[in-house]
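Structure at a glance
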Amino acid sequence: MHVITGGGTGIGRALALSLARDGHAVLIAGRRAAPLEAVAQEGATAGGGTITAVACDLSTSQGARALAERAGTKVDSLVHCAGGNPAIGRPESATLEEEAALLEETLAGNLVSAALTVTALQGAMGEGSAIVLLGSIAAEHGVGYYGPAKAAVASYAVGLAAALGPRGIRVTCLSPGYISGTEFFAGTMTEERAEALRSRTALGRTGEPEDAVDVLRFLLSERSRHLTGQNIHLDGGAFTTR
C-alpha cells in the first residue's frame, strides 16, 4: 500500500495516478472529499491498480488515526504532500489573535500534519519502506510563516531518517520550486508572477507535477536504497546547494 496525503490535487494526484497505472494499491487522503473521490474514480480506469480515498484532517490525532486504520498493517511508502500556505489570499491580520491563528494554522497544516501522519503510520512500515515529506523552496527564502514551517519539515526529515534508518526505512524531503497546474496559489498566480519565477530558474522552464512524480517514483523505489536523510531541491536551479 502506497499512502499519499494531499492526494486530491497537484503533485499528490499526479503521483497517485502514476502508481495506479502501474498496478499499485494507493490510499489518498486530504480534507476535501470531492477531489479525493474524483481521483479515485479516475484511478479506476487508469490501469491495474486501485486508488482508495479517505477524507480526514491530518493535523489532528483523530484524522491521523483514521488514515492509519484505513491503511492497514503494511505500508510500503508514505508521501506527505498535504500542506499549504493559508496566508495566500488572506487579509493581513488586524489583531494579535488573528496573527496567532494564522501561525497556528500554518504550522498545523505543514509540520504538525507531517509529524502526526508519520507517527500514525510508521508502525506499519518496515525494511525497504520509504517516506517522502514535501518541503518547499520557500524554506530558503523566508516566506511568511510558510517558509519556516517547511524548513521545520526538512529538519524533521533529517532526524526521522536517523531514527528509522535502523529499521531499513528511508526518509527524504523533496522541496519543489514553482510547480504549475496545482491549486497552491488558490487562483492568485498572475502571468507576470509566473514568468518572474520561471526566469529565476537555470533551465528557463516552469516545473510541472510530472517532474515531481518522476523524482518521487525514484525515491520510493529500490533504486534509492542508499539515499536517506536528504533534502532534494526540485526547482530547475532556482535555488542551488553546494
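Predicted model, so just to flag it, every value in this text is computed and none were measured.

1. Here we look at the packing of helix H1 (residues 10–21) against helix H7 (residues 209–220)
Two elements in contact, H1 and H7, have axes whose closest approach is 9 Å; the angle formed by their N-to-C orientations is 55 degrees. Considered as vectors, H1 and H7 are oriented oblique to each other. Here H1 runs over H7; the crossing is right-handed. For the pair H1 and H7, contact is made by Gly10, Ile11, Ala14, Leu15, Ser18 and Leu19 and by Pro209, Ala212, Val213, Leu216 and Arg217, respectively. Here the residues of the contact of H1 with H7 are counted per class, giving 8 nonpolar, 2 polar and 1 charged.

2. A look at the side chain of Thr117
With respect to the element layout, Thr117 can be found in helix H4 (residues 96–121). Not counting residues up to four positions away in its chain, the partners in contact with Thr117 are Thr5, Leu58, Ala64, Leu67, Leu78 and His80.

3. Description of the environment of Glu183
In this structure, Glu183 sits in the loop between strand E6 (170–176) and helix H6 (191–199). Through-space distance from the C-alpha of Glu183 to that of Thr9 is 7.0 Å; in sequence the pair is 174 residues apart. When sequence neighbours within four positions are dropped, the list of residues in contact with Glu183 reads Thr9 and Arg32.

4. Things to note about the pattern of salt bridges
Close approach of charged atoms lets side chains of opposite charge pair. Following the criterion strictly, the structure yields 6 salt bridges and no others. Its salt-bridge partner being Asp76, residue Lys74 comes within 2.6 Å of it at the nearest N-O pair. Between Glu195 and Arg198 there is a salt bridge, with the nearest N and O atoms lying 2.4 Å from each other. Placement of both Glu195 and Arg198 in helix H6 is noted, with a separation of 3 residues, approximately one turn of the helix. The class of Glu195 is partly exposed, set by a relative accessible area of 38%. Since its relative accessible area comes to 26%, Arg198 is described here as partly exposed.

5. Considerations on the pairing of strand E5 (residues 130–134)
With respect to burial, E5 is a largely interior element, 5 of its 5 residues being buried. Of the strand pairs in this sheet, strand E4 (residues 77–80) and E5 are connected by 4 bridges, and their pairing is parallel. Note that in E5 the partner of His80 across the bridge is Leu133. After leaving E4, the chain enters H4 and then returns to the sheet as E5, a path that is right-handed. With helix H5 (residues 146–164) bridging E5 and the parallel E6, this β-α-β connection has right-handed handedness.

6. Digging into the side chain of Ser18
If you trace the backbone, Ser18 turns up in helix H1. For Ser18, the residues in contact, after removing those within four places along its chain, are Val213 and Arg217.

7. Observations regarding the sheet that holds strand E3 (residues 50–55)
In spatial order, the strands read E3-E2-E1-E4-E5-E6-E7; together these 7 strands make up an open sheet with parallel pairing. Each edge of the sheet is formed by a strand with only one pairing partner; in this case those strands are E3 and strand E7 (231–234). Neighbour-to-neighbour, the strand axes of the sheet open up by a mean angle of 20 degrees, direction not taken into account. As paired strands, E6 and E7 are joined by 4 bridges and run parallel to one another. Residue pairing in the sheet places Leu174 in a bridge with Ile232 of E7. In the packing of H7 onto the sheet, the strands contacted are strand E1 (2–5), E4, E5, E6 and E7, and the crossing angle to E6 comes to about 170 degrees.

8. Structural notes on H5
For H5, spanning 19 residues, the distance from its first C-alpha to its last is 26 Å, which sits close to the expected 27 Å at 1.5 Å a residue. Those residues of H5 that fall on the buried side of the exposure criterion are Tyr146, Gly147, Ala149, Lys150, Val153, Ala154, Ala157, Leu160, Ala161 and Leu164. Projected down its long axis, H5 shows its buried positions confined to an angular sector of 165 degrees, all on one face. With respect to the buried face of H5, the exposed residues turned more than 90 degrees away are Ser155, Ala162 and Ala163.

Conventions and cut-offs
Residues numbered from 1 in each chain as written. Predicted model: local features only at pLDDT ≥ 70, side-chain atom pairs only at ≥ 80, totals over all residues. Heavy atoms only, no water. Axes fitted to C-alpha atoms, helices over the stretch in contact; angles between N-to-C directions. Helix = DSSP H or I, 4+ residues; strand = E, 2+ residues; numbered from the N terminus. Parallel < 35°, antiparallel > 145°, perpendicular 65-115°, else oblique. Left-handed = near helix turned anticlockwise from the far one by under 90°. Contact = heavy atoms within 4.5 Å. Nonpolar A, V, L, I, M, F, W, Y, C, P; charged D, E, K, R; others polar. Salt bridge = Lys/Arg side-chain N within 4 Å of Asp/Glu carboxyl O. Buried < 20%, exposed > 50% of the residue type's maximum accessible area, 1.4 Å probe, protein only. Pairing = 2+ DSSP bridges. Right-handed = clockwise from strand over helix to strand, strands pointing away. Expected span 1.5 Å × (residues − 1). Arc of directions from axis to C-beta.

Limitation: the analysis is restricted to geometry and does not speak to function.
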